[in-house]
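Each chain is listed here by its residues.
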Amino acid sequence: MQYKTQGIARSYFTVALLLFALQVVFGLYLGLSYFAAIPQNIVNVFPFATARAFHTNLLVLWLLLGFMGGAYFITPEETKSEIYSTKLAYLQLILLVGTGVTALVGFLFGWNQGRPLLEIPRPLDFVVVIGALIFLFNIGMTMIKARNWTAIQGTLLGGLVFLAVMYLFGMPFYKNAAIDWYYWWWVIHLWVEGAWELITAALMAFVLLKITGVERRVVEKWLYVEMGLFLFTGIAGTGHHYYWLGAPKYWLWVGGIFSSLEPVPIVLMVYDTWNHVKERREQIKNPLTFVYAVGCSIYHLLGAGVWGLIHTLPQINYYTHGSQVTVSHGHLAFFGAYALLNLTLFYFAFPQFERVERYDEKRGRIGFWTMSLSMLGMGLAFGVAGVVQTYLERVLGMDYMATQSYMRLWFQIVFVFGLAFLIGVIITAYDLLKLSPAKEAAA
Amino acid sequence: MSNKKAFWFFVVATLLSAGLFIYLTVDTHRQVKHLTHEDNLTDEVIAGKKVWEKYNCNDCHTILGFGGYYAPDMTKAYKRLGGEGIAAIVKNPDQIFASSWRKMPNQNVSDAEIANLTSFLKWISEINNNDWPPQDSDRAKAKEALKLLSNK
């Protein structure tokens, strides 16, 4: 850690890790609800809907805290200056976590906007906006004052502003439900397949630059090409969500064509990550960080690229839309692209917080493989459940609940993998927070 | 490719896609009025959308295919169940799903709210959304019937 204020990231990452574990606990409750008969009196007080709001909002919150912590970590090194205001950074963390906790407690009592993923009640939306503005101001001022612009900084700041602006489209009450969903996707899709991809590209470029020692010029060139392709395919690719909501027919063409191209930049990202690692000039200090970086790019390609591609064409999506196929894609993509990205950064940063040059990797590796393999198992089991649902309900027209009974076994398998995943998360979080030096180094 | 060229590639690619997207968004706003029958968007329908949101129905049910996957899609529920069917389920889910292994919460929704909710679901069911979902598609059912008849 070269700059004192990089330490701000530590608090962000620690809270993010705890929320990640909590998210998975609620995920297990959802998994259980899919196959077990939860008694009516429990359902009346704590319905599936509330647990789902917990699960998804915790996901968004921990990933965003990870990104923000990431920004506080890389900005000093990129700008060669300290963060503009440490106080503001902590105030922002308190504000956002406070809003998150208030929202979650509110959900328990039915204080809810009632729109999936955007359940946070509208008054709290304004607090989120204030938190985001403080964040952008703090990062922006640091960069402006330092006047040491790099492509990585520009991409990061661009991605963060893009993220904040898109959130605004989710705030109004839309009378027409079709228009409501149209702009809901401006938040969700343009986040995950736009703004977040920019942030990912910037954070990953930074980590690769540092751990491989590859020339900055080369890393930045790839960054521009990938960003161009991400946004070219991702922006118009939003159309793949507009097939069945009452929008004009041309979205079937636009969404189908652009979103079919969405895996291209991810393939490129895997290729250049691999190349940078192969042509590294620095000695490998902590191989696990490489495992995370390469693992993230491959999992990103599998979960977001391949799993997205298989049901993005309207001819297929007509049958799979809103089924467990979507759930399978959602889990693999969020874990592969964003959870692993955050964890890559955590494994890069935590040894620096602890001033441990080489850490003992045994526990961390067990954590990585337990999470990665059990998530793959979950994704596949959700996928099979999705194919069963698609065929029985969508093609043959079988009743919803009759179909669900044929999917029950696969939900039980999901639950078992989910338990394993939680164990992996706990091992990983514990490992990061209690990092111990490698034995040879300690000796 | 030089870094400068890579930068311009990024700028042009982004602007092209964003330009197309914004142009089509403007056109969608124009067409969506007819496709969703905005003339029928009465105060009851809008109040019904608020009821749908108040009770967080959407985190269990999908509508237009979006939302939770825990319970049936509601896009064409009005066609499937009718207003009375919907009202009966929302009012007494504990009795209706007494023998089911998946339950629906009883949220004590008032009669007036249920009436608005039904108006909303009726309006939703009339949206011209390219005949989705397939399980509720009349066209798909008619096709099946024709197939059966031709194979007799």
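Cut-offs applied
- Residues numbered from 1 in each chain as written.
- Chains lettered and ligands numbered in written order.
- Predicted model: local features only at pLDDT ≥ 70, side-chain atom pairs only at ≥ 80, totals over all residues.
- Heavy atoms only, no water.
- 1 Å grid on protein atoms, 1.4 Å probe; cavity = no way out; pocket = protein on both sides within 12 Å on 5 of 7 lines; lining within 4 Å.
- Points joined across faces, edges and corners; volume = space filled by probe spheres on them.
- Helix = DSSP H or I, 4+ residues; strand = E, 2+ residues; numbered from the N terminus.
- Nonpolar A, V, L, I, M, F, W, Y, C, P; charged D, E, K, R; others polar.
- Contact = heavy atoms within 4.5 Å.
- Buried area = accessible area lost by both parts, 1.4 Å probe.
- Salt bridge = Lys/Arg side-chain N within 4 Å of Asp/Glu carboxyl O.
- Polar contact = N/O pair within 3.5 Å; in protein donor to acceptor, adjacent residues only side chain to side chain.
- Domains from an automatic or database assignment.
- Axes fitted to C-alpha atoms, helices over the stretch in contact; angles between N-to-C directions.
- Parallel < 35°, antiparallel > 145°, perpendicular 65-115°, else oblique.
- Left-handed = near helix turned anticlockwise from the far one by under 90°.
- Phe/Tyr/Trp six-rings, centres within 6.5 Å; stacked < 30°, edge-to-face > 60°.
- Buried < 20%, exposed > 50% of the residue type's maximum accessible area, 1.4 Å probe, protein only.
- Lys NZ or Arg CZ within 6 Å of the ring centre and 35° of its normal.

### Some points on the layout of surface pockets
- Roughly 800 Å³ of volume is contained in the largest pocket.
- Looking at the largest pocket, it is lined by 38 residues, and the ones nearest its centre are B:His61, B:Ala71, B:Pro72, B:Met74 and B:Phe97.
- Sorting the residues of the lining of the largest pocket by element identifies α15 (400–433) of chain A together with α2 (43–54), α3 (77–91) and α5 (111–125) of chain B as the ones contributing at least two each.
- By residue number, the principal contributor to the lining of the largest pocket is α3(B), which donates five residues.
- Across the lining of the largest pocket, the residue classes break down as 24 nonpolar, seven polar and seven charged.

### Here we look at the interface of chain B and chain A
- In this assembly, 66 residues from chain B lie in contact with 80 residues from chain A.
- Across the chain B/chain A interface, buried area totals approximately 6300 Å², and carbon plus sulfur atoms make up 65% of it.
- The interface formed by chain B and chain A includes two salt bridges.
- With a shortest N-O distance of 2.6 Å, A:Asp180 and B:Lys49 are connected by a salt bridge.
- Remark: the boundary between chain B and chain A carries 32 residue pairs in polar contact (both at pLDDT 80 or more).
- Sorting the residues of the side of chain B that touches chain A by element identifies α1 (3–35), α2, β1 (62–63), β2 (66–67) and α5 of chain B as the ones contributing at least two each.
- Examining the composition of the side of chain B that touches chain A, we find that 20 residues originate from one element, α1(B), more than from any other.

### A few points about the side chain of B:Glu53
- Residue position: B:Glu53 is located in helix α2.
- Among residues more than four places away in sequence, those in contact with B:Glu53 are A:Asn112, A:Gln113, A:Gly114, A:Arg115, A:Phe173 and A:Asp180.

### Quick word on the pattern of salt bridges
- All chains considered together, the criterion is met by 21 salt bridges over all chains.
- The partner of B:Arg80 in a salt bridge is B:Asp136, with the nearest N and O atoms 2.8 Å apart. You can see B:Arg80 sitting in helix α3 and its partner B:Asp136 sitting in the loop between α5 and α6 (138–150), a full 56 residues away along the chain.
- Each of A:Arg115, A:Asp180, B:Lys49 and B:Glu53 takes part in salt bridges that share partners, so that together they form one network.

### Things to note about the domain arrangement of chain B
- By the assigned domains, chain B splits into domain 1 (1–35) and domain 2 (38–150).
- Between domain 1 of chain B and domain 2 of chain B, the C-alpha centre-to-centre distance is 35 Å.

### So, the packing of helix α11 (residues 287–309) of chain A against helix α13 (residues 324–353) of chain A
Residue and element names in this part refer to chain A.
- Where α11 meets α13, the closest approach of the two axes is 8 Å, and the angle between their N-to-C directions is 160°. Judged by the angle between their axes, α11 and α13 are roughly antiparallel. The two elements α11 and α13 meet at a crossing, and its hand is left-handed.

### As for the environment of A:Tyr174
- Positionally, A:Tyr174 belongs in the loop between α6 (151–168) and α7 (177–212).
- A C-alpha to C-alpha distance of 50 Å links A:Tyr174 and A:Pro287, two positions 113 residues apart in sequence.
- Once residues lying within four places of it in the same chain are set aside, the contact partners of A:Tyr174 are A:Arg115, A:Phe169, A:Ile179, A:Asp180, A:Tyr183 and B:Lys49.
- A distance of 2.7 Å separates a polar side-chain atom of A:Tyr174 from the backbone oxygen of A:Phe169.

### Describing unusual backbone geometry
- B:Pro133 follows B:Trp132 through a cis peptide bond whose omega is 5°.
- Along the chain, B:Pro133 falls in the loop between α5 and α6.

### Comments concerning the packing of aromatic side chains
- In this structure the tally under the stated criterion is 63 aromatic pairs over all chains.
- When the ring of A:Tyr174 is compared with that of A:Tyr183, the centres are 5.5 Å apart and the planes differ by 15°; the resulting orientation is stacked. The same class applies to A:Tyr174 and to A:Tyr183, which are both buried.
- Arranged with centres 4.1 Å apart and planes meeting at 20°, the rings of A:Tyr182 and A:Tyr242 form a pair that is stacked. With a gap of 60 residues between them, A:Tyr182 in helix α7 and A:Tyr242 in the loop between α8 (216–237) and α9 (250–260) connect regions that are remote in the sequence. The pair A:Tyr182 / A:Tyr242 is uniform in exposure class, with both members buried.
- Aromatic rings pair up to connect A:Phe169, A:Tyr174, A:Tyr182, A:Tyr183, A:Trp186, A:Tyr242, A:Tyr250, A:Trp251 and B:Phe21 into one cluster.
- Of note, A:Arg280 hangs over the ring of A:Phe290, and the distance from its end group to the ring centre comes to 6.0 Å.

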